[in-house]
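# Inside the fold
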Amino acid sequence: MVKLNTCVFISGKGSNLRRLILNSNKYNFPIKIKLVVCNNKNAEGLKLAKKWSIPCFILNKKQGLSDNRMLIKLKSYKIDLILLAGYMKILSKRFIRSFGKSIINIHPSLLPKFKGLNTFERILKKKEKKTGCTVHFVNEKLDDGKIILRKFFYLDKKDNVTSIKRKTQNLEYNAFSEAIIRVTR
Ligand code: GRF
């Protein structure tokens, strides 16, 4: 099967990256992870990339300079698809436009509800009945692009930030891979 050359952007733990790597190693999963981009040199997720011998590109703090270097890097790896898997930095409009191919993000709420940061705290405060995760295309506005799929669960009275995070992330792992299959079919 012809696989899409994919770059995964991370900032932290990389548990989504882990599942993506495992799935991409299956012969019938439609992506090959050629590169990991990370804006935090201490991110735990970098260890996963190393373990599976995936090249990593660490960004420095100067956004403009990083954008250009990143675009050159992506071109050199012939990247067709970017997956944002816990990338905690907003991509510049210029970068999104210049890349010109699909960028997909995973967000820990049922978009369009709770865009942005600290989602679990806000979900609890609003006494939501259900929550979950959303996989969507990235456009130039924050957490706003076309939704590919959402998965949800009902909240329990006993839920707290830790339990909501755990339940949401457990949904995310399948949601991300399902969304990739859906858009590449
Ligand atoms: C995920 O919950 C994702 O929704 C959010 O950041 C988290 C990343 O977790 N954008 P991990 O690094 O994949 O473990």
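Not measured: the values here are computed from a predicted model.

### Description of the pairing of strand β6 (residues 130-137)
- Buried residues dominate β6, accounting for 6 of its 8 residues.
- When strand β5 (residues 102-107) meets β6, the two strands line up antiparallel, connected through 4 bridges. Along β6, the bridge assignment pairs Ile 106 with Val 135.
- Where β6 meets strand β7 (residues 147-154), 7 bridges bridge the pair, whose relative direction is antiparallel. Within β7, the position partnered with Cys 133 by the bridge is Lys 151.

### Quick notes on unusual backbone geometry
- That bond from Leu 111 to Pro 112 is cis: its omega, 15°, falls within 30 degrees of zero.
- Counting through the fold element by element, Pro 112 comes out in the loop between β5 and α5 (119-125).
- For Ser 53, which is not a glycine, the phi torsion comes out positive at approximately 55°.
- Within the fold, Ser 53 resides in the loop between α2 (45-51) and β3 (56-58).
- If you check the backbone angles, Lys 78 has positive phi at about 50° while not being a glycine.
- Within the element layout of this structure, Lys 78 appears in the loop between α3 (63-76) and β4 (81-84).

### Structural notes on the domain arrangement of the protein
- Taken domain by domain, the protein holds domain 1 (1-100) and domain 2 (111-185).
- Between domain 1 and domain 2, the C-alpha centre-to-centre distance is 21 Å.
- The partner domain 2 presents 14 residues to the 17 residues of domain 1 that form the contact.
- In total, about 1,400 Å² of surface goes out of reach between domain 1 and domain 2, with carbon and sulfur atoms giving 69% of it.
- Three residues, Asn 16, Arg 19 and Ile 96, lead the burial of domain 1 against domain 2; their summed loss comes to 31% of the area buried on that side.
- At the boundary of domain 1 and domain 2, one finds 1 salt bridge.

### What about the nonpolar core?
- Residues Val 8, Leu 20, Ile 33, Leu 83, Val 135 and Phe 176 are the most contacted members of the largest nonpolar core, which totals 28 residues.
- When residues of this core are sorted by domain, at least three fall in each of domain 1 (1-100) and domain 2 (111-185).
- Among residues more than four places away in sequence, those in contact with Val 135 are Ile 104, Asn 105, Ile 106, Ile 147, Ile 148, Leu 149, Ala 175, Phe 176 and Ala 179.
- By size, the runner-up hydrophobic cluster in this structure holds 18 residues, among which are Cys 7, Leu 71, Ile 79 and Ile 96.

### Thoughts on the site of the ligand
- As a structural note, the neighbourhood of the ligand is formed by Lys 13, Gly 14, Ser 15, Asn 16, Gly 86, Ile 106, His 107, Pro 108, Gln 169 and Glu 172.
- Contact distances for the ligand include 2.8 Å between an oxygen atom and a backbone N or O atom of Gly 14.
- Contact between the ligand and Gln 169: an oxygen atom at 2.9 Å from a side-chain N or O atom of the residue.
- Out of a free accessible area of 370 Å², the ligand has 87% covered by protein chains.
- Its atoms largely coinciding with the cavity grid, the ligand occupies the largest pocket.

Rules behind the numbers
Residues numbered from 1 in each chain as written. Predicted model: local features only at pLDDT ≥ 70, side-chain atom pairs only at ≥ 80, totals over all residues. Heavy atoms only, no water. Buried < 20%, exposed > 50% of the residue type's maximum accessible area, 1.4 Å probe, protein only. Helix = DSSP H or I, 4+ residues; strand = E, 2+ residues; numbered from the N terminus. Pairing = 2+ DSSP bridges. Domains from an automatic or database assignment. Contact = heavy atoms within 4.5 Å. Buried area = accessible area lost by both parts, 1.4 Å probe. Salt bridge = Lys/Arg side-chain N within 4 Å of Asp/Glu carboxyl O. Core = buried A, V, L, I, M, F, W, Y, C linked by side-chain atoms within 4.5 Å. Near = heavy atom within 4 Å. Polar contact = N/O pair within 3.5 Å; in protein donor to acceptor, adjacent residues only side chain to side chain. Areas by Shrake-Rupley, 256 points an atom, 1.4 Å probe, with all protein chains shown as cover. 1 Å grid on protein atoms, 1.4 Å probe; cavity = no way out; pocket = protein on both sides within 12 Å on 5 of 7 lines; lining within 4 Å. Sits in = over half its atoms within 2 Å of the grid points.

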